[in-house]
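# Chains, contacts and geometry: an overview
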Amino acid sequence: MTLENGLTVEGTSYFPESVSLSNLTLYYGKGNMSKAICNDTALDRNEVVGKVVLCDSNNLNVSQKIIEVERAGAYAAIFFIDISLSLFPQEYSIPSLILTNASGTLVKEYVTRVKKPKVKSMKFVFTKFGKKRAPQVAIFSSKGPNPITPGILKPDIVAPGVDILAAFIPNKPLIKVGNHDLTTNYALLSGTSMSTPIVAGVGALLKAVHPKWSPAAI
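A brief look at the structure comes next. This one's a predicted model, so the numbers in the text were calculated from it and none came from an experiment.

### With respect to the overall build of the protein chain
A count of helical and extended segments in the protein chain gives 5 helices and 10 strands. For the protein chain, the spread of C-alpha atoms along the principal axes amounts to about 70 × 45 × 35 Å. For the protein chain, the residues scored as buried account for 33% of the 218 residues in total. Expressed as a percentage of contacts within the protein chain between residues at least 6 apart in sequence, the contacts between residues at least 24 apart total 63%.

### Regarding the state of the cysteines
Counting across every chain of the model gives 1 disulfide. What pairs with Cys-38 in a disulfide is Cys-55, and their sulfur atoms sit 2.0 Å apart. Handedness here is read from the sign of the S-S torsion; for Cys-38 and Cys-55, about -90°, the answer is left-handed. With Cys-38 in the loop between α1 (33–36) and α2 (45–48) and Cys-55 in strand β3 (residues 52–55), this pair connects stretches of sequence that are 17 residues apart.

### A few points about the nonpolar core
Note that soluble globular proteins tend to have their nonpolar side chains buried in a common cluster. Core analysis: the largest hydrophobic core is formed by 43 residues, its most contacted members being Met-1, Leu-26, Val-53, Val-69, Ile-78 and Val-107. When residues of this core are traced back to their parent elements, those giving at least two are β2 (20–27), β3, α3 (62–71), β4 (76–80), β5 (96–99), α4 (101–113), β6 (118–123) and β8 (175–177). Look past the residues within four positions of Val-53 in its chain and what remains in contact with it is Tyr-27, Cys-38, Leu-43, Val-48, Val-69, Ala-74, Ala-76, Ala-77 and Ile-78. Counting 5 residues, the second largest nonpolar core, distinct from the first, contains Ala-166, Phe-168, Leu-189 and Met-194.

### A look at the pairing of β6
Strand direction decides the pairing type here: strand β1 (residues 2–3) and β6, joined by 2 bridges, are antiparallel. In the sheet register, Thr-2 faces β6, and the bridge partner there is Ser-121. Looking at chain direction, β2 and β6 are connected through 5 bridges and run antiparallel. Bridging from a neighbouring strand, Thr-25 pairs with Lys-118 of β6.

### Overview of a nonpolar patch on the surface
Together, Ile-83, Ile-139, Phe-140 and Val-162 make up a nonpolar patch on the protein surface, roughly 320 Å² of accessible area in all. With respect to the helices and strands, Ile-83 occurs in the loop between β4 and β5. For Ile-83, a relative accessible area of 41% translates into the label partly exposed.

### Remarks on the packing of aromatic side chains
For the structure shown, the criterion picks out 2 aromatic pairs. With centroids separated by 5.6 Å and ring planes inclined at 65°, the aromatic side chains of Phe-15 and Phe-124 adopt a geometry described as edge-to-face. Placement of the pair is Phe-15 in the loop between β1 and β2 and Phe-124 in the loop between β6 and β7 (164–167), with a sequence separation of 109 residues. For the pair formed by Phe-15 and Phe-124, the shared burial category is buried.

### Remarks on the sheet that holds β4
Note: strands within a sheet are paired through backbone hydrogen bonds, in either parallel or antiparallel orientation. Read across the open sheet, the 6 strands follow the order β1-β6-β2-β3-β4-β5; overall the sheet is mixed. Both edges of this open sheet fall to β1 and β5, since each of them pairs with a single strand only. On top of the sheet, α3 reaches β3, β4 and β5; it is set at about 150° to β4, its chief contact.

Conventions adopted
The written sequence of each chain sets the order in which its residues are numbered from 1. Whole-chain, interface and lining totals are the exception, using all residues; otherwise, since this is a predicted model, local features are given only for residues with pLDDT of at least 70 and side-chain atom pairs are given and counted only at 80 or more. Hydrogens are left out, water is left out, and the side-chain values use all remaining heavy atoms of the structure. Secondary structure elements follow DSSP: runs of H or I of four or more residues count as helices, runs of E of two or more count as strands, with numbering from the N terminus. Remark: exposure states derive from per-residue accessible area (1.4 Å probe, protein chains only) relative to the maximum for the residue type, with buried under 20%, exposed over 50%, and partly exposed in between. Between two residues, a contact is recorded if the distance between any of their heavy atoms is within 4.5 Å. We call a pair of cysteine sulfur atoms a disulfide whenever their separation is within 2.5 Å. What makes a nonpolar core is a set of buried Ala, Val, Leu, Ile, Met, Phe, Trp, Tyr and Cys residues whose side-chain atoms join them at distances within 4.5 Å. For two strands to pair, DSSP has to find at least two bridges joining them. Here a patch means residues that are over 30% exposed by relative accessible area and free of salt bridges, tied together within 9 Å if like-charged and within 5 Å if nonpolar (Val, Leu, Ile, Met, Phe, Trp, Tyr). Here, Shrake-Rupley sampling with a 1.4 Å probe gives the accessible areas, and only protein chains in the shown set may cover a residue. Here, a salt bridge means any Lys or Arg side-chain nitrogen found within 4 Å of an Asp or Glu carboxyl oxygen. Here a Phe, Tyr or Trp ring, Trp counted by its six-membered ring, pairs with any other such ring whose centre lies within 6.5 Å, and the pair is stacked when the planes are under 30 degrees apart, edge-to-face when over 60, and tilted otherwise. All axes here are fitted lines through C-alpha atoms, helices being fitted over the stretch that makes contact, and every angle between N-to-C directions spans 0 to 180 degrees.

Quick look at the structure:
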């Protein structure tokens, strides 16, 4: 995304359509906390319709924020949050961008300083490979220690389970964008259902090499 002042930032988005937005007014609810964080029913349609709405970071569910932004008639949304996978791919019902709080601060400085802030361009469906991140436990995964038995630490085994390209039911809509239900043969899915097959496969390989090992040993 490039702002009218020339500032360019990159974020994360799973919006499925290859669209390029340009010359759109940027809206931020400065001075009103509920509007700034895109709280439920807080946005005024008369203020945000057809605009790109900034939603500040807080403990609210981002899934609720995008519903609120869409309800108010905004054209697109930008969310400031450092939590990975804050929105699942099927929740991108309107063009949306996830920015870290560091990048979001630069954008917020611009929108609060300029009288008529604008997005010069905002493009989707680009893939850029950056530095390989260190592994981390996903936000939806259980974490330890066990409150009943503190001596048992969790997770005791982990496997990739975020953004796994998996087969999908071809006749079941994955996401609704506008008035269209989009279907696909493959989709980026996340969850323990994605990681358990990997663990099971590793277990099967270990069993093949060490047939006398017990399940506990594996």
